[in-house]
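Now for the letters of each chain:
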Amino acid sequence: MQKHSDFVQFTEVTPSAAIDPARHGWRAKCLQRLIRLDLPVPKTVALPCDTVRAIAAGQLPDVDRIASLFGGCLVSIRPSPGEPEWGGPNTVLNVGMNAGKHAEYARDHGLAFADATYLGFVQSYAIHVARLDPDMFVAEPSPEALAAALAAYEAEMDEEFPQSPARQLTEVMRSMARAWEGTTARLLREVKGAPPDAALGLVVQEMAQSFGPALAGAGSIQLVEGVTGAPQVTGRFRGHNPANRKAEETLFLVRDKRGRSLEEAAPKVFAELQDYCRACRTRLREEMLIEFALENGALRVIDAVKVQRSSRAAVRIAVTLAKDEVISRDEAILRVQPQALSELLHYQVDPRAPRDRVTRGIAASPGAASGKLVFSAADAQASAARDERCIMVRRETAPEDIRGMHAAVAVLTERGGITSHAAVIARGLGLPCIVGASDLSIDLREKVVKTRDGRTFREGDVITVDGTSGEVLAGQAEMLEPALDEWFTTLLHWADNVRDIGVRANADTPDDARTARMFEAEGIGLCRTEHMFFDEDRLTVMREMIFADTVKDRKVALDRLLPMQRADFIALFDIMAGLPVCIRLFDPPLHEFLPQDREGMRELAEALDRPLSEVTRRVEALSEFNPMLGLRGVRVGVTVPEIYEMQARAIFEATVEASKRGAAVVPEIMIPLVSAKREVELVKTRVDAVAAAVRTATGAEFTYRLGVMVETPRAALRAGEIAQHAAFLSFGTNDLTQMTYGLSRDDAGRFMGDYVQQGVYPEDPFHVLDEDGVGELLLIGSARGREMRRDVTLSVCGEHGGNPPSIAFCRRSGFDYVSCSPFRVPVARLAAAQFALLDPRDKK
């Protein structure tokens, strides 16, 4: 015979009972708070986590004592983990139901009610406690169904269905305790943020039965709508009609022309429920959903949980609670997950609508869009010209696809990871994007997409890309509009008042800059000028410059590009209205601007009026075995200095022109891919000479700041000597991570999931900054830079700049600002504020 454990086994939940959420779980503590609010909560007993662990190990509490507290009434058993998000085993209702209770209920309340109650308990016990096949226990209530369920249980278990309430209580608690300790349950709750040693409490509560001559039933009520957060009485009530005890009916809560409502059938009860919700809101400082039961017209409150809410509802609820002085502004800031803001900036698939899922990939850029399938950038542009919404599908994208991405409403790729080309550009454009959808087979020649389960989608078929969840849906899904409303704006303004690290945006075009201003970025931290050259009219001139045989011919082509670049920079300076703009000089290898297929080379030969053989030879000569580590960045500026000279002249002439029309402009010029001090010296000498020439030609005075983009490990290690010639050091963590790991971000998605799952890396280092490796380079570089030049500005301008844990590292390390894609600016603003509130001593 098993012995009872000798520690405190259980506690009756009363206003003064020692209920600790760390030991008894959130549900037990919440029920105690409801009792303290004088809500009519049925008798409840809480089992602490040490008791539940003992039950899982075979030590039983004094079940007879627990049962005696309820005087023969049926009970429910519910999980009570430390946090509601962690889930838990299924609740089991009507524990204690047996043949004797069935006869009693049949006599007092009718056979139908007795059969339904007993059958429901047998089904729940068989499936969740005895772990029998659910398909054997799915019948609707009837005397025959009850008899069949009892017979099936006996046949499977070689014993009659347990009739002892104490044994039922024992087996249910043991099953729930062991289910919590199972491997699958452990993994699921860890995904939701639970620690590996998270414990479970249990709550045993007297059942409120829906019988009696007056209105009876059960339901739930909340005072806000869960998708929008707007005030609205929402919920359900399923009860028995007093005029017909055999008939169940579902009532609306508020008056509704479609049928009866609880407000009409029991106005006093309806008013009490609203009062209870308002009391919970004020005293528990949260919008709560109340589960209730009517037992012969008497109201019983069974439970209360935080209202399930979408991201947009979470923002509105937090701000409203703060404005109503239920919580503080600081607490409102802390209650909203920063990443959740991404969902408010874009259209989202309505969670209430049905989904026909085709496949799943990596959610690379949030938002959702529906459109017709296209398979090339040219087709995307043609579709946009016809004013047709299209989704561009590629195996992976390349720089020449940027025009197609601008024309499409979403992007879907078979390959790639979170920092692949498609992902980075899509986030910058605010374009929904899914990458790494490896279950798809894309035939670009036939313009067909096939899935592993045999579904086929052709050019022109409509699909939906949900970049928030990573799901590809068939057809056109129902959407929610972006929620850039007063609650969103208010929350971010509160955040700005407390954060202590700057937030800029990466913006390559005037549209990007306007988006950055809309999201109140404090400037542009990275303008990638090469993206300006991919427009069709500029691409031809760019190719002419690449094919130039002499410096003179190259300058002729660059002179044609100069006014285009100048106009771009004037537009950026005008939009940013005096805010800082950091312009990165030309970075990519030259071959990226050249066609790679024969048809493209033929068209280029025609445009340049050169033999196809010459074009082919030149393209092959410019190709490199590893172009990302070849002739790019500052190496182009040193070996082909005319390019950087043209860009510097365009920047300075735009500075003079924009300063005439508005606030004074102080441009920041950033040299990419530096690895040696001498590179900076060479470029600085040429840039200074161009600045002097522009001052002489225009008669205007202006200042500028020259800095370095730290993307190579050597630059981080030699940051001290580099800082002698740099007003700022901006760490480009995308390339710095690639070079530190020796890993291509475009290819990492193929195996990164396996690496993370097997514990090689704790997280994808292209998604979350690797603090131990790449982070140490940032610390070394920043420390050596500041040691040489105390006023040097430090920043991070890679994709990590919009990732909350990475922002925390930058803030902790004394960086001045982070820069991220425009649509991640709100995320960064809120995350920075939260870190300032959680650890005000964390910086410098």
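*Asks:* Could you give me a rundown of the overall build of the chain, with the residues and numbers involved?
*Replies:* Along its length, the chain carries 33 helices and 31 strands. Expressed along its principal axes, the backbone C-alpha trace of the chain runs to roughly 105 × 60 × 55 Å. Of all 844 residues assigned to the chain, the portion counted as buried reaches 56%. Residue pairs at least 24 apart in sequence account for 68% of intrachain contacts in the chain once pairs closer than 6 positions are excluded. Summed over its atoms, the accessible surface of the chain is roughly 35700 Å², and 49% of this surface lies on carbon and sulfur atoms.

*Asks:* Describe a negative patch on the surface, and please don't skip the residues or the numbers.
*Replies:* Side chains of D133, D135, E154, E156, D158 and E160 sit close together on the surface and give a patch of like negative charge. With respect to the element layout, D135 can be found in the loop between α6 (111-128) and α7 (143-157).

*Asks:* Let's hear about the packing of helix α22 (residues 598-608) against helix α23 (residues 612-622): which residues, and what values?
*Replies:* Running from N to C, α22 and α23 point in directions that differ by 120°, and their axes come no closer than 9 Å. For the element pair α22 / α23, the angle class is oblique. Judged by the sense of rotation from one axis to the other, the crossing of α22 with α23 is right-handed. Contacts from R598, M601, R602, L604 and A605 in α22 reach L612, V615, T616 and V619 in α23. Here the contact of α22 with α23 is built from residues that sort into six nonpolar, one polar and two charged.

*Asks:* Talk me through the packing of aromatic side chains; I want residue IDs and the actual numbers.
*Replies:* Each aromatic ring pair is summarised here by two numbers: the centre-to-centre distance and the angle between the ring planes. Considering all chains together, one arrives at 16 aromatic pairs under this definition. On the basis of an interplanar angle of 0° and a centroid distance of 5.9 Å, the ring pair of F237 and F292 is categorised as stacked. Of the two residues, F237 is situated in strand β7 (residues 231-241) and F292 in strand β9 (residues 288-295); the sequence distance between them amounts to 55 residues. What makes F237 buried here is its relative accessible area of 0%.

*Asks:* Report on the sheet that holds strand β2 (residues 44-47), specifying residues and quantitative values.
*Replies:* What the five strands build is an open sheet, ordered β1-β2-β5-β3-β4; its pairing is antiparallel. The open sheet has two edge strands with one neighbour each: β1 (11-12) and β4 (92-95). In the sheet, strand β3 (residues 75-81) pairs with strand β5 (residues 200-206) via seven bridges, with the strands oriented antiparallel. Across the sheet, V75 pairs through a bridge with E206, a residue of β5.

*Asks:* Report on the pattern of salt bridges, specifying residues and quantitative values.
*Replies:* The final tally for this structure, using the stated rule, is 70 salt bridges. Close ionic contact of E291 with R78 constitutes a salt bridge, the shortest N to O distance being 3.8 Å. Separated by 213 residues along the polypeptide, E291 in strand β9 and R78 in strand β3 bring together distant segments of the chain. With a relative accessible area of 24%, E291 lands in the partly exposed category. Overall, R78 belongs to the buried group, its relative accessible area being 11%. With a closest N to O distance of 2.8 Å, D256 and R258 form a salt bridge.

*Asks:* Would you mind going over the nonpolar core in detail, with residue names and values included?
*Replies:* The biggest cluster of nonpolar side chains holds 165 residues, and the ones touching the most others in it are F652 and L729. The residues contacting L729, other than those within four sequence positions of it, are V708, V710, A719, I722, A723, G781, G785, V792, T793, L794 and S795. Ranked by size, the runner-up nonpolar core spans 48 residues in total, among them F113, F137, Y153 and F161.

*Asks:* Just give me the short version of the pairing of strand β6 (residues 216-224), but keep the residues and values in it.
*Replies:* Here β6 lies mainly inside the structure; eight of its nine residues are buried. Alignment of β6 against β9, held across five bridges, turns out to be antiparallel. Looking across to β9, one finds that I221 is bridged to I290.

*Asks:* Can you explain a nonpolar patch on the surface? Please cite residues and give values.
*Replies:* A cluster of nonpolar side chains, contributed by F751, Y755 and V760, occupies part of the molecular surface with about 240 Å² of accessible area. Here F751 is to be found in the loop between α29 (733-741) and α30 (752-757).

*Asks:* Please provide a residue-by-residue account of the side chain of S383, values included.
*Replies:* Structurally, S383 is set in helix α15 (residues 377-385). Setting aside its immediate chain neighbours within four residues, S383 contacts V374, E388, R389 and C390.

*Asks:* Mind laying out the sheet that holds strand β20 (residues 456-458), listing which residues take part and the relevant values?
*Replies:* Pairing is antiparallel across the open sheet formed by three strands, whose spatial order is β18-β19-β20. The open sheet has two edge strands, β18 (441-443) and β20, and neither has a second partner. When the angles between neighbouring strand axes are averaged without regard to direction, this sheet yields 15°. Here β18 pairs with strand β19 (residues 448-450) via three bridges, running antiparallel. In the sheet register, D443 faces β19, and the bridge partner there is V448.

*Asks:* Describe the environment of A147, listing the residues and the values that go with them.
*Replies:* Relative to the assigned elements, A147 resides in helix α7. Under the relative-accessibility criterion, A147 is labelled partly exposed at 46%. A sequence separation of 28 residues divides A147 from L119, and the C-alpha atoms of the two residues are 8.8 Å apart.

*Asks:* Go over α29, please, and point to the residues and values.
*Replies:* Among the residues of α29, those classed as buried are T733, N734, D735, L736, T737 and Q738. Residues of α29 that are buried in the fold lie against β28 (705-710), α27 (713-717), β29 (728-731), α31 (774-788) and β30 (793-796). Count one or two residues on from α29 and you reach G742, which has phi positive near 65°.

*Asks:* Can you explain helix α26 (residues 677-698)? Please cite residues and give values.
*Replies:* With 22 residues, α26 extends 31 Å between its outermost C-alpha atoms, agreeing within 8% with the 32 Å of an ideal straight helix rising 1.5 Å per residue. Along α26, the residues classified as buried are E679, V680, V683, V687, V690, A691 and V694. Seen end-on, α26 carries its buried residues on one side only, within an arc spanning 105°. Facing away from the buried side of α26, by more than 90 degrees, are the exposed residues R678, T685 and T696. On its buried face, α26 is in contact with α24 (634-639), α25 (641-661), β27 (668-671), β28 and α28 (719-722). Trailing α26 by a residue or two, G699 shows a phi angle of about 70°, which is positive.

*Asks:* Before we move on, can you summarise the environment of L736 with the specific residues and values?
*Replies:* Within the secondary structure, L736 sits in helix α29. Judged by its relative accessible area of 0%, L736 falls in the buried class.

*Asks:* Got a sec to walk through the confidence of the model for the chain? Specific residues and values, please.
*Replies:* Summing up the model confidence of the chain, the mean pLDDT is 90 and the portion of residues at 70 or higher is 97%. Within the model, pLDDT remains below 50 along residues 1-7, and this stretch shows 14 contacts once partners closer than five positions in the same chain are excluded.

*Asks:* Report on the side chain of E668, specifying residues and quantitative values.
*Replies:* Within the element layout of this structure, E668 appears in strand β27. Take E668: its relative accessible area is 4%, and that puts it in the buried class. When sequence neighbours within four positions are dropped, the list of residues in contact with E668 reads R504, P580, V581, C582, I583, R705, F728 and Y817.

Reading the values: the criteria
- Residues numbered from 1 in each chain as written.
- Predicted model: local features only at pLDDT ≥ 70, side-chain atom pairs only at ≥ 80, totals over all residues.
- Heavy atoms only, no water.
- Helix = DSSP H or I, 4+ residues; strand = E, 2+ residues; numbered from the N terminus.
- Buried < 20%, exposed > 50% of the residue type's maximum accessible area, 1.4 Å probe, protein only.
- Contact = heavy atoms within 4.5 Å.
- Areas by Shrake-Rupley, 256 points an atom, 1.4 Å probe, with all protein chains shown as cover.
- Patch = residues over 30% accessible without salt bridge, like charges linked within 9 Å, V, L, I, M, F, W, Y side chains within 5 Å.
- Salt bridge = Lys/Arg side-chain N within 4 Å of Asp/Glu carboxyl O.
- Lys, Arg positive; Asp, Glu negative; His and termini not counted.
- Charge placed at Lys NZ, Arg CZ, Asp CG, Glu CD.
- Axes fitted to C-alpha atoms, helices over the stretch in contact; angles between N-to-C directions.
- Parallel < 35°, antiparallel > 145°, perpendicular 65-115°, else oblique.
- Left-handed = near helix turned anticlockwise from the far one by under 90°.
- Nonpolar A, V, L, I, M, F, W, Y, C, P; charged D, E, K, R; others polar.
- Phe/Tyr/Trp six-rings, centres within 6.5 Å; stacked < 30°, edge-to-face > 60°.
- Pairing = 2+ DSSP bridges.
- Core = buried A, V, L, I, M, F, W, Y, C linked by side-chain atoms within 4.5 Å.
- Expected span 1.5 Å × (residues − 1).
- Arc of directions from axis to C-beta.
- pLDDT = per-residue confidence, 0-100.

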